[in-house]
Amino acid sequence: MMERVLWFCLMLMLPFGQVYAETILKVTKGVDEPTPIAVSPFQWSGSYALPQDVAEIVTNDLSRSGFFKLMARDDMLSFPSQQDQVFFRDWRMGGSDYLVIGRIEPVAGTRDDVSVTFELYDVIKGQKIRIDQSRYTASVKYLRQIAHRVADQIFEKLTGIPGAFSTRIAYVTAKQNGTNRQYQLIVADADGENASAVFTDKEPILSPSWGPDGKTLAFVSFETTRPMINVMDITTGKRQRVQSFRGLNGAPAWSPDGRKLALTLSKDGNPEVYILDLSVGKLNRVTHHYAIDTEPSWAPDGRSLYFTSDRGGQPQIYRVHLATREIERVTFEGNFNARARLTPDGRFMALVHRASGGGARFNIAVQDMKTGQLDVLTESMLDESPSIAPNGSVVIYATQKGTRGILSAVTLDGRVKYEMPVRGGDVREPAWSPYLN
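Conventions adopted
- Residue numbers restart at each chain and count upward from 1, following the sequence in its written direction.
- Given that the model is predicted, a residue must reach a pLDDT of at least 70 before its local features are reported, and side-chain atom pairs must reach 80 or more before they are shown or counted; all residues, however, enter totals for whole chains, interfaces and linings.
- Values shown for side chains rest on all heavy atoms present in the structure; no hydrogens or waters enter the calculation.
- Per residue, pLDDT captures the predictor's confidence, and it can take any value from 0 to 100.
- Contact between two residues is taken to exist if any of their heavy atoms lie within 4.5 Å; hydrogens are not considered.
- Here, a salt bridge means any side-chain nitrogen of Lys or Arg that lies within 4 Å of a carboxyl oxygen of Asp or Glu.
- A run of H or I in DSSP becomes a helix once it reaches four residues, and a run of E becomes a strand once it reaches two; helices and strands are each numbered from the N terminus.
- Residue exposure (1.4 Å probe, protein chains only): buried if accessible area is under 20% of the type maximum, exposed if over 50%, otherwise partly exposed.
- Here the expected span of a helix is defined as 1.5 Å times the quantity of residues minus one.
- Polar contacts here mean pairs of N or O atoms no more than 3.5 Å apart (in protein, one a potential hydrogen donor and the other a potential acceptor; neighbouring residues in sequence count only if both atoms are side-chain atoms).
- Here, a strand pair is defined by DSSP locating no fewer than two bridges between the strands.
- Axis lines are fitted to C-alpha atoms, over the contacting stretch for helices. Their N-to-C directions set the angle, which ranges from 0 to 180 degrees.
- Residue types Ala, Val, Leu, Ile, Met, Phe, Trp, Tyr and Cys, when buried and joined through side-chain atoms within 4.5 Å, form a set referred to as a nonpolar core.

Comments concerning the confidence of the model for the chain
Okay, so step 1: Mean pLDDT for the chain: 90, with 92% of residues reaching 70 or above.
Okay, so step 2: Confidence over residues 1-25 falls short of pLDDT 50; this stretch has 86 contacts with residues more than four positions distant or in other chains.

In structure tokens, the structure reads:
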């Protein structure tokens, strides 16, 4: 596992371990005073049973954010689905500040299309809140996706932050099958549900990276005697090899326009950062140094790359301006900083950080790119692979819980933390998708 060897003790101390199946959501830290809200069961007027409980999915999404305190369904005095059925006094007595109601109806003339309509109410003021899009129509098989979009709308209206519940995540699992290992590249909804394997192999899988179209993944596999970089269309399963030089081929990262990949290659003898133009197959070398340069990540404007290098004696994060090839160091606090990921506006950078004198403790931190202030967000021992949600508010990362690898998430201000439910297996290498159409 070449990339893990390159990044020293951090990668070596986080091997794939035992196999576990995680199917629960656990908010480990929330805001001091989460907003009380109730989501009433959505009324269904069709003649067959729905495959998904839309209200339950919306409830779980909002609960997972840590910003809301959800009323239990058993504590509700009624299940309104129309405005004239809402009695604000009952919901005030129950302690809710907001109420969500909804209806699901079959679309006439279609076989399985449904229409989902929802409404949001301010219980304290006793009035309906205007929502930009309060109706969705799609096949019944897309009810889960509709529910996530409903949650996105509610979340944005009440927090001012665009929701990212309808996005997806990718991650890698390892399972022990007898004497053999099985590695899978998993794609799931942002809540960890609806998970499916898009690639399976007996050799390790590393560094999944989403293309800006939300349909393409680049990743590293070891199907041959050396690592190779693949690009896969997850909707069709079609996969192509884009690079497989002698030595290291790793850490692919998509440019914002989707036309290029930044890579780490050692084909010239030393790990360096390159850019591959996918349309013409042209390869340009970006760094030239005897140190290890790896883990490239694009700035949101596509004009520069951030990368990890030990050229100063310890792993730190540097920035290279592509027009001039001028390189500047951007992290100075601590003796280990790696795996830079920028928020969509470029204001903040998430990274793996070890404090000076921190021993073997590696945590997720965020650095303000204007002030240089660095704040440590996590408290566990071995955290890695941060990936930022497209709304720039949450970082998903891999960590250790006992002897197993799990996924966790933390908001950029560190106020909300939660564990992610994932498909069975020891988990590593999460990547958060862009917004989906």
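Resuming the write-up.
Some points on the pattern of salt bridges
Okay, so step 1: Following the criterion strictly, the structure yields 17 salt bridges and no others.
Okay, so step 2: Glutamate 384 is paired through a salt bridge with arginine 428; the nearest N and O atoms lie 2.9 Å apart. Highlighted residues: glutamate 384 in strand 28 (residues 383-388) and arginine 428 in strand 32 (residues 426-432), separated in sequence by 44 residues. Both residues of the pair, glutamate 384 and arginine 428, belong to the buried class.
Okay, so step 3: Note that arginine 415 is salt-bridged to aspartate 413, the shortest N-O span being 3.9 Å.
Okay, so step 4: Looking at arginine 415, the relative accessible area reads 41%, which means it is partly exposed.
Okay, so step 5: Of the residues examined, aspartate 413 reaches a relative accessible area of 45% and is grouped as partly exposed.

Here we look at helix 3 (residues 54-65)
Okay, so step 1: Spanning 12 residues, helix 3 covers 17 Å between terminal C-alpha atoms, matching the ideal 16 Å at 1.5 Å per step.
Okay, so step 2: In terms of burial, helix 3 is a largely internal element, 9 of the 12 residues being buried.
Okay, so step 3: Regarding helix 3, the residues found buried are Val54, Ala55, Ile57, Val58, Thr59, Asp61, Leu62, Arg64 and Ser65.
Okay, so step 4: The backbone nitrogen of alanine 55 lies 3.3 Å from a side-chain oxygen of the residue at the head of helix 3, namely aspartate 53.

Focus on the side chain of threonine 59
Okay, so step 1: With respect to the helices and strands, threonine 59 occurs in helix 3.
Okay, so step 2: Under the relative-accessibility criterion, threonine 59 is labelled buried at 17%.
Okay, so step 3: A polar atom in the side chain of threonine 59 sits 2.8 Å from the backbone oxygen of alanine 55.
Okay, so step 4: Those residues within four positions of threonine 59 in sequence are excluded, and the remaining contacts are Val39 and Leu70.

Regarding unusual backbone geometry
Okay, so step 1: Positive phi values are uncommon outside glycine, yet serine 207 reaches one of about 55°.
Okay, so step 2: Along the polypeptide, serine 207 turns up in strand 12 (residues 205-210).
Okay, so step 3: Of note in the backbone geometry, glutamate 295 takes a positive phi value of approximately 55° without being a glycine.
Okay, so step 4: Glutamate 295 sits in the buried class, given a relative accessible area of 7%.

Examining the sheet that holds strand 19 (residues 282-285)
Okay, so step 1: On the basis of which strands lie adjacent, the open sheet formed by 4 strands has the order 16-17-18-19 and antiparallel pairing. Whereas interior strands pair on both sides, the edge strands pair on one side only; in this sheet they are strand 16 (249-254) and strand 19. Sheet twist, expressed as the mean angle between neighbouring strand axes with direction ignored, is 25°.
Okay, so step 2: Pairing of strand 17 (residues 260-265) with strand 18 (residues 272-277) involves 6 bridges; the strand directions are antiparallel. By the bridge assignment, leucine 261 is partnered in strand 18 with leucine 276.

Considerations on the nonpolar core
If you look at soluble globular proteins, the nonpolar side chains tend to sit buried side by side.
Okay, so step 1: Core analysis: the largest hydrophobic core is formed by 31 residues, its most contacted members being Phe42, Val58, Leu62 and Ile154.
Okay, so step 2: Secondary structure elements with two or more residues in this core: strand 2 (35-39), helix 3, strand 4 (68-70), strand 5 (98-106), strand 6 (113-122), strand 8 (135-139) and helix 5 (143-159).
Okay, so step 3: Broken down by element, the residue count for this core peaks at 7 residues, all from helix 5.
Okay, so step 4: The residues touching phenylalanine 42, leaving out its near neighbours within four places in the chain, are Val54, Ala55, Val100, Ile101, Gly102, Arg103, Ile104, Val116, Thr117 and Phe118.

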